[in-house]
Amino acid sequence: MPQRTLGRTNREVSAIGLGAWQIGGSWGTVAERDAHEVLEAALDAGITFFDTADVYGDGRSERLIGEFLRRHPDAPITVATKMGRRGPQEPEEYSLANFRAWNDRSRANLGVDTLDLVQLHCPPPTVYSREATFDALDTLVAEERIAAYGVSVETCDEALAAIQRPGVATVQIILNAFRRKPLEQVLPAAAEAGVGIIARVPLASGLLSGRYRPDTTFAEDDHRSFNRRGEAFDVGETFSGVDFETGLAAAEEFSALAAKHGPEGASPAQVALRWVMQQPGVSTVIPGARNAEQARGNATAGTLPPLEPELLEAMRDLYDRAIRPQVHHRW
């Protein structure tokens, strides 16, 4: 598994990480045993970066990772968590007092004194212009509650605003073969500033795995069922904001391209992950997993050779024809 420097944290992390939203909630039920097997399989496959949040299962994801860390005290794991979605989404909520309270809960859940990386969890856009927000984050570093901080964003404009902040170590943003806008300005700006890019939703909520069909259904507690139009949170988090039927048709084409031009034996999901991984400036890619098999399959993408120019061009053409006309302008 290739290792890369995670922006201004100066930590070395695996190019393929693990997104731990699935083991927390909102992706259907994942049994505790399955969650532990996911974490074990990820580490065995060379994954050393886990991304979670205090609201994933109301702390369940953090607690599961905390138990895992206690079983593997010497493993070279970096854990990133997020904060800010536990209260009203008002800029004033992003205060030092709330940060300390949220951090204390996450530190208890994870069983650590200092959090490796804390990210603001898709805060209101005006938060990025508030000096008090970043002064408070700097205070948390000085108090050794956190080692570094970053932001998880919804839009490219938010990412560009965050990159200008000297204390921001990382930016987490949606990036996949059906969500390419960050390639235009965000990744170059981050690379120039030394800010790490954490690429989330790399499989477009599973669309790029090629496993879904028009009659595919999802559990009631799965965001792919209840958030297709942004009913619960930003619509971009579900299928990258692409209409499900449009995405299905494009995903079928993508699977055919991956089979024809991709590395021998690679699945569509692995090709999709390899594409994100090879974009200049990406520090780590964080697909989720609901079982150990998925975790191992995702990790395998880190060992694939770079995708060939013929496939890259065909993927770009597919995006321009099928996806770009559907992309919401604000991203």
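Residues numbered from 1 in each chain as written. Predicted model: local features only at pLDDT ≥ 70, side-chain atom pairs only at ≥ 80, totals over all residues. Heavy atoms only, no water.

**Let's talk about the overall build of the protein chain**
Of regular secondary structure, the protein chain possesses 11 helices and 10 strands. Computed over C-alpha atoms, the radius of gyration of the protein chain comes to 19 Å, within 12% of the 20 Å expected from 2.2 N^0.38 for 331 residues, which places it in the range of a compact globule. Principal-axis analysis of the C-alpha atoms gives the protein chain an extent of 55 × 40 × 40 Å. For the protein chain, the residues scored as buried account for 56% of the 331 residues in total. Contacts in the protein chain between residues far apart in sequence, at least 24 positions, make up 76% of those at least 6 positions apart. Once the 34 positive and 46 negative side-chain charges of the protein chain are each reduced to a mean point, those two points are 1 Å apart. (Helix = DSSP H or I, 4+ residues; strand = E, 2+ residues; numbered from the N terminus. Rg over C-alpha atoms; globule rule 2.2 N^0.38 Å. Buried < 20%, exposed > 50% of the residue type's maximum accessible area, 1.4 Å probe, protein only. Contact = heavy atoms within 4.5 Å. Lys, Arg positive; Asp, Glu negative; His and termini not counted. Charge placed at Lys NZ, Arg CZ, Asp CG, Glu CD.)

**Quick look at the side chain of R145**
The topology assignment puts R145 in the loop between α4 (131–142) and β7 (149–152). There is a polar contact of 2.5 Å between the side chain of R145 and the side chain of D104. (Polar contact = N/O pair within 3.5 Å; in protein donor to acceptor, adjacent residues only side chain to side chain.)

**Quick notes on the sheet that holds strand β8 (residues 168–174)**
Spatial strand order, β3-β4-β5-β6-β7-β8-β9-β10: 8 strands in an open sheet with parallel pairing. A strand with exactly one partner marks an edge of an open sheet, and here the two such strands are β3 (18–19) and β10 (282–285). Sheet analysis places strand β5 (residues 78–83) next to strand β6 (residues 117–121), joined by 4 bridges and oriented parallel. Along β6, the bridge assignment pairs T81 with V118. (Pairing = 2+ DSSP bridges.)

**Considering the environment of R71**
For R71, the position within the fold is in helix α2 (residues 60–71). A distance of 3.3 Å separates the side chain of R71 from the side chain of H36, its partner in a polar contact. Within the structure, the side chain of R71 is placed 3.2 Å from the side chain of E40, a separation counted as a polar contact.

**Regarding helix α5 (residues 156–163)**
The buried fraction of α5 amounts to 6 of the 8 residues, a majority that puts the element mostly inside the structure. Every buried residue of α5 is accounted for by C156, E158, A159, L160, A162 and I163. On its buried face, α5 sits against β7, β8 and α6 (186–193).

**With respect to the packing of aromatic side chains**
What the rule picks out here adds up to 11 aromatic pairs. Taking 6.0 Å as the distance between ring centres and 45° as the angle between the ring planes, the aromatic pair formed by F99 and W102 counts as tilted. With F99 and W102 both in helix α3 (residues 96–110), this residue pair falls 3 residues apart, about one helical turn. Both residues of the pair, F99 and W102, belong to the buried class. Lying across the ring of F244, R228 places its NZ or CZ 4.2 Å from the centre. (Phe/Tyr/Trp six-rings, centres within 6.5 Å; stacked < 30°, edge-to-face > 60°. Lys NZ or Arg CZ within 6 Å of the ring centre and 35° of its normal.)

**Thoughts on the environment of T246**
When you line up the elements, T246 lands in helix α8 (residues 244–261). Classification of T246 as partly exposed rests on a relative accessible area of 22%. Separated by 193 residues in sequence, T246 and A53 place their C-alpha atoms 30 Å apart. Not counting chain neighbours up to four residues away, the residues in contact with T246 comprise A322 and Q326.

**What about the side chain of T155?**
Tracing the backbone shows T155 in the loop between β7 and α5. A residue is classified by how much of its surface remains accessible, and T155, at 6% relative accessible area, is buried. A polar atom in the side chain of T155 sits 3.1 Å from the backbone nitrogen of E158.

**A look at the packing of helix α1 (residues 32–44) against α2**
Interaxial distance between α1 and α2 falls to 10 Å at its minimum, and their mutual angle equals 55°. On the basis of the axis angle, α1 is oblique to α2. The hand of the α1/α2 crossing is right-handed. Here E32, A35, H36, L39, E40 and L43 of α1 come into contact with α2, specifically with R60, L64, I65, E67, F68 and R71. Classifying every residue of the contact of α1 with α2 by side-chain character gives 6 nonpolar, 1 polar and 5 charged. (Axes fitted to C-alpha atoms, helices over the stretch in contact; angles between N-to-C directions. Parallel < 35°, antiparallel > 145°, perpendicular 65-115°, else oblique. Left-handed = near helix turned anticlockwise from the far one by under 90°. Nonpolar A, V, L, I, M, F, W, Y, C, P; charged D, E, K, R; others polar.)

**Notes on the pattern of salt bridges**
Inspection of every chain in the model, using the stated rule, returns 17 salt bridges. Residue R145 pairs with D104 through a salt bridge whose shortest N-O separation is 2.5 Å. In this pair, R145 sits in the loop between α4 and β7 while D104 sits in helix α3, placing the two residues 41 residues apart along the sequence. On the basis of relative accessible area, R145 is assigned to the buried category, the value being 16%. Where D317 meets R321, a salt bridge forms, and the shortest distance between an N and an O atom there is 2.8 Å. With D317 and R321 both in helix α11 (residues 309–323), this residue pair falls 4 residues apart, about one helical turn. Of the residues examined, D317 reaches a relative accessible area of 35% and is grouped as partly exposed. (Salt bridge = Lys/Arg side-chain N within 4 Å of Asp/Glu carboxyl O.)

**Side note on the nonpolar core**
F50, F99, V171 and V186 are the most contacted members of the largest nonpolar core, which has 93 residues in total. The residues contacting F50, other than those within four sequence positions of it, are L18, L39, A42, I65, F68, I77, T78, V79 and A80. The next biggest cluster of nonpolar side chains, apart from the first, holds 9 residues, and it includes F49, A80, A169 and I286. (Core = buried A, V, L, I, M, F, W, Y, C linked by side-chain atoms within 4.5 Å.)

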